[in-house]
4 protein chains.
Amino acid sequence: MKGKLLMPALILAAGAVSAQQIPEKSPMPMKPEMTEVWEPEIPVITPGEKYGDAPSDAVVLFNGTNLEAEWTNDKGETPGWKVENGIVTVVRGTGIIKTKRKFQDFQLHIEWRTPAEVSGNSQGRGNSGVFMQERYELQILDSYNNRTYRNGQAGSIYKQHPPLVNACKGPGVWQTYDVIYTAPRFKEDGTYFTPPRITVLQNGVLIQNNVVLRGPTEYIGIPEYSVKPHGPGSIVLQDHGNPTSFRNIWIREL
Amino acid sequence: MKGKLLMPALILAAGAVSAQQIPEKSPMPMKPEMTEVWEPEIPVITPGEKYGDAPSDAVVLFNGTNLEAEWTNDKGETPGWKVENGIVTVVRGTGIIKTKRKFQDFQLHIEWRTPAEVSGNSQGRGNSGVFMQERYELQILDSYNNRTYRNGQAGSIYKQHPPLVNACKGPGVWQTYDVIYTAPRFKEDGTYFTPPRITVLQNGVLIQNNVVLRGPTEYIGIPEYSVKPHGPGSIVLQDHGNPTSFRNIWIREL
Amino acid sequence: MKGKLLMPALILAAGAVSAQQIPEKSPMPMKPEMTEVWEPEIPVITPGEKYGDAPSDAVVLFNGTNLEAEWTNDKGETPGWKVENGIVTVVRGTGIIKTKRKFQDFQLHIEWRTPAEVSGNSQGRGNSGVFMQERYELQILDSYNNRTYRNGQAGSIYKQHPPLVNACKGPGVWQTYDVIYTAPRFKEDGTYFTPPRITVLQNGVLIQNNVVLRGPTEYIGIPEYSVKPHGPGSIVLQDHGNPTSFRNIWIREL
Amino acid sequence: MKGKLLMPALILAAGAVSAQQIPEKSPMPMKPEMTEVWEPEIPVITPGEKYGDAPSDAVVLFNGTNLEAEWTNDKGETPGWKVENGIVTVVRGTGIIKTKRKFQDFQLHIEWRTPAEVSGNSQGRGNSGVFMQERYELQILDSYNNRTYRNGQAGSIYKQHPPLVNACKGPGVWQTYDVIYTAPRFKEDGTYFTPPRITVLQNGVLIQNNVVLRGPTEYIGIPEYSVKPHGPGSIVLQDHGNPTSFRNIWIREL
């Protein structure tokens, strides 16, 4: 800062604000050093060299091999999904996969690709999903020239928040989600003290802007009615029967 | 979704939650279609091909040439900064540059580089800044092996919020800021109805997580005491006397 | 604390927090005067002499006589409700009454009484309601020994938020609502920028604690799906067919 | 609306919003019963008979006698303040008094009176204070015809939030504070996850509307720099040297 801008305040339209109501500053001047905070030093990390590379403080959840190091299926067993050429792909009927570790608040990077060969439509094309804390779904779908309900397309918080824009790439093309997730906190009566909140960039474009979740994802019914207290949870990837693929998954706990 | 997860609720530690207090669902079942919302269709945009490329709905503020198309100096004249090889660099003493357009809520992408030749220390090394709405500064500094006050280093909301981590690259290396900014709204008495909020990723790493600004950036004094109502404002880049460079700047109004 | 002493926050304070992460103060000391703000002087009002009396800056909406000064029916005509002995009572079939003035954010005081002669049950006993901005209902009902759905009893934000406790007095006894209401603000796409929020004390007991409304009150369906932009609106009192009475209604714009 | 009819929200509603952007409802109709929630029943309490009377679920902290049942001085000993005629009065030099119980979120009712015999001015007249969780002060002062700094007068959150209006009664007259307090929650780094929030009605008039506290009360310096994690805490009443009196204090944990 320093060498400040001389910026006359813009006046709100219609002159509705009385200048009288704007507090004036304290009469006793301060010095610049009074608003410096030096300690403790901010932790230093090494960012990825290029976009998508995991920073030094991330947990790499999938780097192209060895899926079972960090993931299980729903029964805690080795996941049935196929790992090949650095990519993991849903194998229909083997069920979800979930991280062994459990997370609270986090930044998540994940790359995904719907099948190049288009088949099905609406919810039946390239359907999968990323669940935060096992409960809150960020939809994955081939939403490129594939109309479905707006609160169920790619990038939606399923049946709660449609994406701000449809920023999808086509089938067979890798796409990215960068997620900032804040877990709920609970009151003693089992309801939310603060509800979950999520921000998502898809392919670098903001599609969810710190939206407030109303409750766990519900295929049928009203999310508010399903709120129950929970602690940290796994990241879950959904088997919805379509051979959607994933790569380069990492997470930073916040 | 569909084919839901059977997920027994985690019990909060210490059993402090009375199961009695958790609402039970309504007894009359619903159907999946009741929570589908189809209209209107979500607007389709084209994301950048690779990270950093402007999406189709962005305003490109600087693409390497023709700075004066979108920017002026503080007096509304042609900016005095140097454009060369697709890069714009601060020219000491020519003052700030600011966008001709004014913005409210937005997503901003900007790339910056502090001088390869290190000179000065603390606030004197590679110092510049990005101001939201002409008032709220996201600090730019060479904070690679250069200790300064934590609420004044690169990635800080200057003198209000230190970055969560120091995710800086070294001098002479290009770095990125991806900013999600929500402008304040005002009450009729001139105070904030909702204060400004900002999220920042530096080099792909979350460094500001939806933090609430206390008021305009102040080099001296307390931000709260300087709150005054304002409308949309320019993006301002600071001349702090160091030849910091910029490239690839685009913005999407939200 | 009702024997809830082993709280996560305490444990956290005692152990999990690294002292290193707590910022230390600036080294340069300040003086007390630096944080005093003297101007402008806070506006002086005269509070009511005893509880329930309108303060000097309130708009008295009903003081026992002359209902038509501030209220109309739904068609803008003289209301059909009965005024007698300083009390106004619903006349079945004459429809709602609404204030001629429209309001945004406010503090509202209202006193109400369900019929001393109990008849009907569940939603059929003493049913009425106070609507903020013509859209958001705070339920009035005889909920004294009269079970109904929890999100529809007296003190509920109808079908959105049950009251924290049932603080009702019996039929024929005057009760009070003290309401603090914050109107929604809207984004340009017609959705909420900030949703409505409401705090309610019933008979001096907090029953709604700054709850966030999901949308307009809906008897059938999901409030979120009905959000539409609106400006200031009337206070509306509902004719639900029961002879519920009101008195001493005043409001302060915030 | 005090002639403020040309409001942006109205204009926005009338023109700037594209009808296309407002979601339409789901096409499959629901039934009213689908949004009823019946279980569990809301807990029934008995409100006070008249305003100020403690409801059945309150902890009575002072009912006119036996101060030592619920209070100690700062050393954990019997408080040195004077109890007489159902009133407790500060005895200069005996120090603060604090509740033996510790509280998190709560509703608090407290009645106070500054000395009928006026002496001193500005901060020197009838000065005392109510501290939430031992850290966050709601100012008590004789602010009737007694100018002081706006963020330090009666009803201020001391040096953080001035009251919305000056709703004071005169010296020697009983006044009431009704407080709704939400305690902060903390992140693992020792900063606020959610900051404290407070709503205050003074003599029935809203003077603090869910304001966010920046940190503990500081006589000197900046509250943000003093944030440290803490658990539940006592209610503290301040000895500021003036013989301010109190009566009828009760609290409800939320």
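Here's a quick rundown of the structure. Keep in mind that what you see is a predicted model, and the values were worked out from it rather than measured.

### Remarks on the packing of aromatic side chains
Counted according to the given criterion, the structure contains 34 aromatic pairs over all chains. When the centroid spacing of 5.8 Å and the interplanar angle of 65° are considered together, the rings of Trp38(A) and Tyr149(B) count as edge-to-face. Within this pair, whereas Trp38(A) is found in the segment before β1 (59–62), its partner Tyr149(B) is found in the loop between β8 (136–140) and β9 (175–182), the two belonging to separate chains. On the basis of relative accessibility, which here comes to 29%, the residue Trp38(A) falls in the partly exposed class. Between Phe186(D) and Tyr192(D), the ring centres sit 5.4 Å apart and the planes meet at 45°, which makes this aromatic pair tilted. Given a relative accessible area of 10%, Phe186(D) falls into the buried group.

### Structural notes on the interface of chain A and chain B
Every contact between the two is made by 99 residues of chain A and, on the other side, 98 residues of chain B. Where chain A touches chain B, the interface holds 2 salt bridges. With its nearest N and O atoms 3.8 Å apart, the salt bridge here joins Arg147(B) to Glu39(A). Where chain A meets chain B, there are 26 residue pairs in polar contact (both at pLDDT 80 or more). For the side of chain A that touches chain B, the secondary structure elements donating two or more residues are β8 (136–140), β9 (175–182), β12 (197–202), β13 (205–212) and β15 (245–253) of chain A. When residues of the side of chain A that touches chain B are assigned to their parent elements, the largest contribution, 4 residues, is made by β13(A). Grouping the constituent residues of the side of chain A that touches chain B by class yields 48 nonpolar, 28 polar and 23 charged.

### Examining the relation of the copies chain A and chain B
Superposition record for chain A on chain B: RMSD 0.0 Å, screw rotation 180°, translation along axis 0.0 Å. As the rotation angle and translation indicate, the two copies are arranged about a two-fold axis. Rotation axis and chain A: the residue whose C-alpha lies nearest the axis is Tyr51(A), separated from it by 3.4 Å. Both copies present the same face, since 99% of the interface residues in chain A are matched by interface residues at the equivalent positions in chain B.

### Side note on the pattern of salt bridges
According to the stated counting rule, one finds 36 salt bridges over all chains in the structure shown. Among the ionic pairs, Asp57(C) bridges to Arg252(C), the shortest N-O distance being 2.8 Å. A residue pair is termed long-range when its members are at least 10 positions apart, and Asp57(C) in the loop between α1 (8–16) and β1 (59–62) and Arg252(C) in strand β15 (residues 245–253) qualify at 195 residues. One salt bridge connects Arg185(D) with Asp105(D), and the closest N-O pair in it is separated by 2.9 Å. Here Arg185(D), found in strand β10 (residues 185–186), pairs with Asp105(D), found in the loop between β5 (97–99) and β6 (106–113); they are 80 residues apart in sequence, far enough to count as distant. Judged by relative accessible area, which is 10%, Asp105(D) ranks as buried. Put simply, Arg214(A), Glu224(A), Arg214(C) and Glu224(C) are held in one network by salt bridges that share partners.

Quick notes on the rules
- Residues numbered from 1 in each chain as written.
- Chains lettered and ligands numbered in written order.
- Predicted model: local features only at pLDDT ≥ 70, side-chain atom pairs only at ≥ 80, totals over all residues.
- Heavy atoms only, no water.
- Phe/Tyr/Trp six-rings, centres within 6.5 Å; stacked < 30°, edge-to-face > 60°.
- Helix = DSSP H or I, 4+ residues; strand = E, 2+ residues; numbered from the N terminus.
- Buried < 20%, exposed > 50% of the residue type's maximum accessible area, 1.4 Å probe, protein only.
- Contact = heavy atoms within 4.5 Å.
- Salt bridge = Lys/Arg side-chain N within 4 Å of Asp/Glu carboxyl O.
- Polar contact = N/O pair within 3.5 Å; in protein donor to acceptor, adjacent residues only side chain to side chain.
- Nonpolar A, V, L, I, M, F, W, Y, C, P; charged D, E, K, R; others polar.
- Least-squares fit on C-alpha atoms with pLDDT ≥ 70 in both.

All we've got here are geometric facts, nothing functional implied.
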